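Each chain is listed here by its residues.
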Amino acid sequence: MAYPNLLKPLDIGVTTLRNRVLMGSMHTALEETKGGYTKMAKFFGARAKGGVGLIVTGGVSPDMAGRVHVFAGKMTKTSEAVPYREVTDAVHEEGGKICMQILHAGRYAYSPMAVQPSSTKSPITPWWAKAWPLPQWGVDRTIRHFAHCAALAKEAGFDGVEVMGSEGYLINEFLAEHTNKRTDKWGGPYPQRMQFPLEIVKAVRKAVGDDFIVIYRLSMLDLVARGSSIEEIEALAEAMAQPGMANIINTGIGWHESRVPTIATCVPRAAYGFVTKHIREHLRSKNLNIPLVAVNRINTPEIAESVLADGVADMVSMARPLLADPDFVSKAAAGKPDEINTCIACNQACLDHTFALKRATCLVNPFACYEDELVKTPAATVKKIAIIGAGPAGCSAAVTAAERGHKVTLFEAGTEIGGQFHIAACIPGKEEFHESIRYYKTMLAKHGVSVRLSTRVESPDLLADFDEVIVATGVVPRVIKFEGSTDPRVLSYAEVVREKKPVGKRVALIGAGGIGFDVAEFLSAPEKEQDRPSVNVDVFLREWGIDKTLGSRGGLTEPARPPPERTLYLLQRKTSKHGKDLGVTTGWIHRLELRHKQVNMIGGVSYDKFDDAGLHITVTDAKGAKVRKVLPVDNVVVCAGQVSVRALEDPLRRAGKPVHVIGGADVAAEIDAKRAIRQGTELALKL
């Protein structure tokens, strides 16, 4: 067996799980979608069919006040439980087990009904979502609501519940001095503050009996000032591990308001395993053998296996990796890890969608949460299809079309497939894009796609024998003109990142969108990959001020960052905030990283000329005042967007060929891999 620890069954007392993989909770917004329960049944059923040991749903509120937003799901009565039968039946039919997460959002609720332990202000909710302090009778009622919700979950056919006690939601708020300033029996010293989660789990257990899984999600690192100490976390873990309490303890890392990355692609794989291992070893020293679950950035079977083999945990949680590939477990069990569509932790189609109140899906797997809408069926008529360009759009179209039985030839002018993913993979914190290239190479070969590298298609005559032609020729960097812009010291982002052309220690970057931020990261990173925080766990923990010794409250310490590698100027014509269009869940990280590296961000810039003195600019402030400056830089890197390459389209149409244009060749605005992959997939399903 390739992954003996990962695939080993786990006896948790109430039942035996078929392996050590827990599908972590993730809100998909399917509950709020028309026909949502059927869609959830297809979604979770596919993951159960793929071999997941235990599934945990997205959070369901135990009452009106606890909903994450006013339209979010709750379970307060039988009529709200019954529709979930379709979901639980679908999972059980595939041999899986499923728990419902009970989540009370506390002061994080986007609702005028929000409640919290004390009168404090959440920094991440709007002004109108003021949370009201719970009176003592309200605390008692909330405990009853959790128990009632758990009983309804059992009625709905769930195998268990997960009580959400982390991430800064209500239970976590009661535990931490940061948010609990009460003077009654629910506040004060920690033994009193921890009574709230203990009473909830006791009430839940009483409501559901002993033949039902109860998971407690324990915040092991709050990553906020005045968060819990490790001694407090140990005490709560001990209490939850007692007979009649939880069957499993799941790890929670960081409050949502924390300014430390926890799941983004800049976080090294399994970076937070050290705290789960500490709690596990502490419990074992007390002869408490409750299974613990490790979380965050565990995205390959190799990493999962190492976490288990090293005694970090008894199970591994994966949410986004199972969004990316529902067959993760079965592919690992079959010894085919190269066929796994690996999660790249980009957040662009999952968490960013969730925070925008949109249905979640996956950048690398558009089928996620659309299982009943995007359906692969054998092609009614087998066609010969030519695809020009082997970037993300071209590769996704090629694989999907070939899976349906079409005869596909993929032409690529370069020496390898991947397109813009090769540039992305060079950026520190985006190394995971290499995995997507590996996946496409594997699947193109598996499905018999003829890949013709170093082949530039310039004439329709070369495509005479094909029934359909897909133009996926991508983009090239936009050229901007100013005096001196043709100087060899003025480079495009592709020349710097992909071609590795040398640049000096002082660099101006023209353009502060996603590309500008990426190039700034690239130029400010250590030269050796092993010294980068996205790869080296110890470097990551030091630079973000995470206390690996666990000696400080909340797990925070003073960050230790090296001096910047270069002096960088990130310039844009707009006067708005730099990177304002970056992802909701990752943009703040990119901005913070560049501030840490002392990157100079200047807006309202027009570019006058470049010469030996540097880049001459004019800066216009918000009031219209203009100031001329000379930035003493060695190089200028143009990151001002890109233009589509679609010269083949018109000749092909004139030749009478059915032509489809996708990806960057269709729309060049930003480099949007999410749209490109989805476009390629949807087109291939229609051909």
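What counts and what doesn't
Residues numbered from 1 in each chain as written. Predicted model: local features only at pLDDT ≥ 70, side-chain atom pairs only at ≥ 80, totals over all residues. Heavy atoms only, no water. Helix = DSSP H or I, 4+ residues; strand = E, 2+ residues; numbered from the N terminus. Rg over C-alpha atoms; globule rule 2.2 N^0.38 Å. Buried < 20%, exposed > 50% of the residue type's maximum accessible area, 1.4 Å probe, protein only. Contact = heavy atoms within 4.5 Å. Lys, Arg positive; Asp, Glu negative; His and termini not counted. Charge placed at Lys NZ, Arg CZ, Asp CG, Glu CD. Salt bridge = Lys/Arg side-chain N within 4 Å of Asp/Glu carboxyl O. Pairing = 2+ DSSP bridges. Patch = residues over 30% accessible without salt bridge, like charges linked within 9 Å, V, L, I, M, F, W, Y side chains within 5 Å. Areas by Shrake-Rupley, 256 points an atom, 1.4 Å probe, with all protein chains shown as cover. Axes fitted to C-alpha atoms, helices over the stretch in contact; angles between N-to-C directions.

1. Some thoughts on the overall build of the chain
Here comes step 1: Secondary structure assignment for the chain yields 22 helices and 27 strands.
Here comes step 2: Relative to the compact-globule value of 26 Å for 687 residues, the chain shows a C-alpha radius of gyration of 26 Å, a close match.
Here comes step 3: If one aligns the C-alpha atoms of the chain with their principal axes, the spans along those axes are about 75 × 65 × 45 Å.
Here comes step 4: The buried share of the chain, taken over its 687 residues, is 61%.
Here comes step 5: Pairs at least 24 residues apart make up 72% of the contacts formed inside the chain by residues separated by at least 6 positions.
Here comes step 6: Each charge sign in the chain was given a centre, from 86 positive and 77 negative side chains, and these centres are 3 Å apart.

2. Some words on the pattern of salt bridges
Here comes step 1: Throughout the structure, instances matching the rule amount to 38 salt bridges.
Here comes step 2: A salt bridge links aspartate 211 to lysine 154, with the nearest nitrogen and oxygen atoms 2.9 Å apart. In this pair, aspartate 211 sits in the loop between helix H7 (195–208) and strand S9 (213–221) while lysine 154 sits in helix H4 (residues 136–155), placing the two residues 57 residues apart along the sequence.
Here comes step 3: Arginine 284 is the partner of aspartate 314 in a salt bridge, and the nearest nitrogen-oxygen pair spans 3.0 Å. Taken together, the positions of aspartate 314 in the loop between helix H10 (301–309) and strand S12 (315–318) and arginine 284 in helix H9 (residues 273–285) put the pair 30 residues apart, joining distant regions of the chain.
Here comes step 4: Connected via shared salt-bridge partners are Arg269, Arg297, Glu432, Glu435 and Arg438.

3. Quick notes on unusual backbone geometry
Excluding glycine, most residues fall at negative phi; most peptide bonds, likewise, are trans.
Here comes step 1: The phi dihedral of glutamate 167 is positive, around 65°, even though this residue is not glycine.
Here comes step 2: Tracing the chain through its elements places glutamate 167 in the loop between strand S8 (160–165) and helix H5 (170–175).
Here comes step 3: The phi angle at asparagine 296 is positive, at roughly 75°, despite the residue not being glycine.
Here comes step 4: Structurally, the position occupied by asparagine 296 is in the loop between strand S11 (292–294) and H10.
Here comes step 5: The exposure class assigned to asparagine 296 is buried, which follows from its relative accessible area of 11%.

4. Considering the pairing of strand S23 (residues 614–620)
Here comes step 1: In terms of residue burial, S23 counts as a mostly covered element, since 6 of its 7 residues are buried.
Here comes step 2: As paired elements, strand S22 (residues 605–611) and S23 share 6 bridges and run antiparallel to each other. Paired with lysine 609 across the bridge in S23 is histidine 616.
Here comes step 3: The turn joining S22 and S23, which pair antiparallel and follow one another in sequence, is formed by 2 residues.
Here comes step 4: Summarising the sheet, S23 and strand S24 (residues 626–631) pair through 6 bridges and their orientation is antiparallel. Paired with threonine 620 across the bridge in S24 is lysine 626.
Here comes step 5: Counting the residues between successive antiparallel strands, the hairpin from S23 to S24 contains 5 residues, one of them, glycine 624, with a positive phi of roughly 95°.

5. Re a negative patch on the surface
Here comes step 1: There is a patch of like negative charges on the surface, built from Glu86, Asp89, Glu93 and Glu94.
Here comes step 2: Following the sequence through the fold, glutamate 93 ends up in helix H3 (residues 85–93).
Here comes step 3: Its relative accessible area of 67% is what places glutamate 93 among the exposed residues.

6. Points about the environment of leucine 453
Here comes step 1: Note that leucine 453 resides in the loop between strand S15 (450–452) and strand S16 (468–471).
Here comes step 2: Sequence spacing of leucine 453 and leucine 410 is 43 residues, and the spatial spacing of their C-alpha atoms is 8.3 Å.
Here comes step 3: Non-local contacts of leucine 453, meaning those with residues more than four positions away in its chain, are made with Glu412, Gly414, Thr415, Glu416 and Ile417.

7. Regarding the sheet that holds S8
Here comes step 1: The strand order S3-S4-S5-S8-S9-S10-S11-S12 describes a closed barrel built from 8 strands, whose pairing is parallel. Put simply, the sheet's adjacent strands are angled 30° from each other on average, direction ignored.
Here comes step 2: Relative to S8, strand S5 (residues 98–102) runs parallel, the two sharing 4 bridges. Bridging from a neighbouring strand, methionine 100 pairs with valine 161 of S8.
Here comes step 3: Docked against the sheet, helix H8 (residues 230–240) engages S9 and strand S10 (248–253), running at close to 175° with respect to S9.
Here comes step 4: Packed onto the sheet, H10 meets S11 and S12 and runs at close to 145° relative to S12.

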